[in-house]
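What follows is each chain in one-letter form.
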Amino acid sequence: MPSFATRYGVAFLLNAVLMTWIGAPQGVWSIWGIQNDAGTAIGEISILDCKNHGHLTYSFVVNGVKYAGDTTTFQGSCLDLKQGQAVKIYYENRNPVVNIAVYNDASETVHIA
């Protein structure tokens, strides 16, 4: 399986070119920071709102500190997910507030206090 840097590095470059071309570099630099200084954690989906464009909120813990993030379900159908489902989180080691959930990579269910 390709590494995170390989998978998302190509996505980053394509996204950067596209966003630069249309003038809206939303989120591109966050992915760049994560790619260059990635940490991983297993988190869980805390809020799932399929009616709101597949919006989900997740939480995870790094060094005893709880963090959260949100995204839309761009990797599959929102209807295939459930609250409490495990998600793999990639985050920037220096700043875990910068993070992204990849829910197809996580296999276990966890509960975060």
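Chains are numbered independently. Their residues run from 1 in the order of the written sequence. A pLDDT threshold of at least 70 governs which residues receive local features in this predicted model, and a stricter bar of 80 or more applies before side-chain atom pairs are shown or counted, although totals over entire chains, interfaces and linings include all residues. Calculation of side-chain values draws on the structure's entire complement of heavy atoms; hydrogens and water are dropped beforehand.

Here we look at the packing of aromatic side chains
Ring pairs (aromatic) are described by centroid distance and by the angle formed between their planes. What counts, and what does not: Aromatic rings from Phe, Tyr and Trp, with only the six-membered ring used for Trp, were paired whenever their centres fell within 6.5 Å, and each pair was classed as stacked if the ring planes differed by under 30 degrees, edge-to-face if by over 60, and tilted otherwise. To sort residues, take the accessible area from a 1.4 Å probe on protein chains only and compare it with the maximum for the residue type: under 20% means buried, over 50% means exposed, and anything in between is partly exposed.
Throughout the structure, instances matching the rule amount to 3 aromatic pairs. Seen in terms of ring centroids, Phe60 and Tyr67 are 5.7 Å apart; in terms of plane orientation they differ by 25 degrees. Their pairing is stacked. Neither Phe60 nor Tyr67 differs from the other in exposure class; each is buried. On the basis of relative accessible area, Phe60 is assigned to the buried category, the value being 0%. Through a chain of ring-to-ring contacts, the aromatic side chains of Tyr58, Phe60, Tyr67 and Tyr91 assemble into a single cluster.

What about the side chain of Asn99?
To be explicit about the condition: By the criteria applied, helices consist of DSSP H or I runs no shorter than four residues and strands consist of E runs no shorter than two, each listed in order from the N terminus. We call two N or O atoms a polar contact when they sit within 3.5 Å, provided that within protein one can donate a hydrogen and the other can accept it, with sequence-adjacent residues counted only if both atoms are side-chain atoms. Whether two residues are in contact is decided by their heavy atoms, any of which lying within 4.5 Å being enough.
Take Asn99: it is sitting in strand E5 (residues 95-102). Reaching out from Asn99, the side chain makes a polar contact with the side chain of Tyr58 at a distance of 2.4 Å. Polar side-chain contacts of Asn99 include one of 3.0 Å to the backbone oxygen of Pro96. In contact with Asn99, not counting residues within four places along its chain, are Ile34, Tyr58, Phe60, Ala68, Gly69, Ile89, Tyr90 and Tyr91.

A few points about the state of the cysteines
Where two cysteines share a covalent bond between their sulfur atoms, that bond is called a disulfide. Counted only if it meets this: In plain terms, two cysteine sulfur atoms within 2.5 Å form what is called a disulfide here.
Across all of its chains, the model carries 1 disulfide by this definition. In this model Cys50 forms its disulfide with Cys78; the gap between the sulfur atoms is 1.9 Å. Judged by the torsion about the S-S bond (-85 degrees), the Cys50/Cys78 disulfide is left-handed. Here Cys50, found in the loop between strand E1 (38-49) and strand E2 (55-62), pairs with Cys78, found in the loop between strand E3 (65-72) and strand E4 (86-92); they are 28 residues apart in sequence, far enough to count as distant. Residue classification places Cys50 among the partly exposed residues on the basis of a relative accessible area of 32%.

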